[in-house]
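Chain and residue survey
Each chain, written out:
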Amino acid sequence: MIALPCLPALHVGDEADCRRVPKFAGTLHAVKYPCHANATGLPGKGDPRYLAYRVSDAHLTLNMIDPPTPLFSVELFRRALDFLDERLDVGPVLIHCNQGLSRAPSLALVYLAKRAKGLHGHFASSWDGYAGAREEFTEVYPAYAPGAGLVTFLTEHWEEIA
């Protein structure tokens, strides 16, 4: 788990990090299995819990996998960013996925570029699109290894995510 130096209250980690102390003011679970599946029982697409489910004030689970072909939606990212806005006002937040390499850091990158607006001099080129933001983000999170589907989705939908 790493606290991002440009926003120390925002932590990125893997599945094991969500079970470790300290407790966070919020945890964003970017994991279909086991987190979203355990919380919802995997409802069908018509169910309001299908995309994202607010387990409690402090926990949001996302039905998010990392396939080579993008299966993401702008709405999924907006819900995640809204949750981060809300919970970061309360205290530190953890975003995690299974390995802490693709989904969780991608959500952190988008949050920093779109909502935190380039804190502490980072992400100055993020407004040039995903490629610029990714380049700067890898300086603060060298382990960032986004899947091909995320790269495609974020490249194609960068301007739509707000």
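In this report, the structure presented in the accompanying data block is examined. All figures in this text were calculated on a predicted structure; none of them were measured in a lab. (Residues numbered from 1 in each chain as written. Predicted model: local features only at pLDDT ≥ 70, side-chain atom pairs only at ≥ 80, totals over all residues. Heavy atoms only, no water.)

If charged atoms from side chains of opposite charge come close, those side chains can pair. What the rule picks out here adds up to seven salt bridges. A salt bridge links Arg20 to Asp17; the nearest nitrogen and oxygen atoms lie 2.3 Å apart. The class of Arg20 is partly exposed, set by a relative accessible area of 43%. One network of salt bridges, in which partners are shared, links Arg54, Glu86 and Arg87. (Salt bridge = Lys/Arg side-chain N within 4 Å of Asp/Glu carboxyl O. Buried < 20%, exposed > 50% of the residue type's maximum accessible area, 1.4 Å probe, protein only.)

Bringing helix α1 (residues 32-40) into the picture now. Of the residues making up α1, those classed as buried are Lys32, Cys35, His36, Ala37 and Thr40. For α1, the secondary structure elements touched by its buried residues are β3 (26-29), β4 (52-56), β5 (59-62), β6 (93-96) and α3 (103-114). Note on α1: the residue one or two positions beyond its end, Gly41, has a positive phi of about 75°. (Helix = DSSP H or I, 4+ residues; strand = E, 2+ residues; numbered from the N terminus. Contact = heavy atoms within 4.5 Å.)

For His36, the location among the structural elements is in helix α1. We classify His36 as buried; its relative accessible area is 0%. Excluding residues within four positions of it along the chain, His36 makes contact with Val31, Gly41, Leu42, Arg49, Tyr50, Leu51, Ala52, Tyr53, Thr61, Leu62 and Asn63.

Let us look at the sheet that holds strand β2 (residues 10-13). If you trace the six strands from one edge of the open sheet to the other, you get β1-β2-β6-β3-β5-β4, paired in mixed fashion. Of all the strands in the sheet, just β1 (2-3) and β4 have a single pairing partner and so form its edges. Bridge count between β2 and β6: four bridges; the pairing is parallel. Of the residues in β6, the one forming a bridge with Gly13 is His96. Most of the contacts of α3 go to β2, to which it runs at about 155°, and overall it touches β2, β3, β5 and β6. (Pairing = 2+ DSSP bridges. Axes fitted to C-alpha atoms, helices over the stretch in contact; angles between N-to-C directions.)

The subject of this paragraph is the packing of helix α2 (residues 74-88) against α3. Look at α2 against α3: their axes get within 10 Å of each other, and the N-to-C directions meet at 70°. In terms of axis orientation, α2 runs roughly perpendicular to α3. Between α2, through Phe77, Ala80, Leu81, Leu84, Asp85 and Leu88, and α3, the contact on the second element is made entirely by Leu107, Val110, Tyr111 and Lys114. For the contact of α2 with α3, the per-class residue count stands at eight nonpolar, no polar and two charged. (Parallel < 35°, antiparallel > 145°, perpendicular 65-115°, else oblique. Nonpolar A, V, L, I, M, F, W, Y, C, P; charged D, E, K, R; others polar.)

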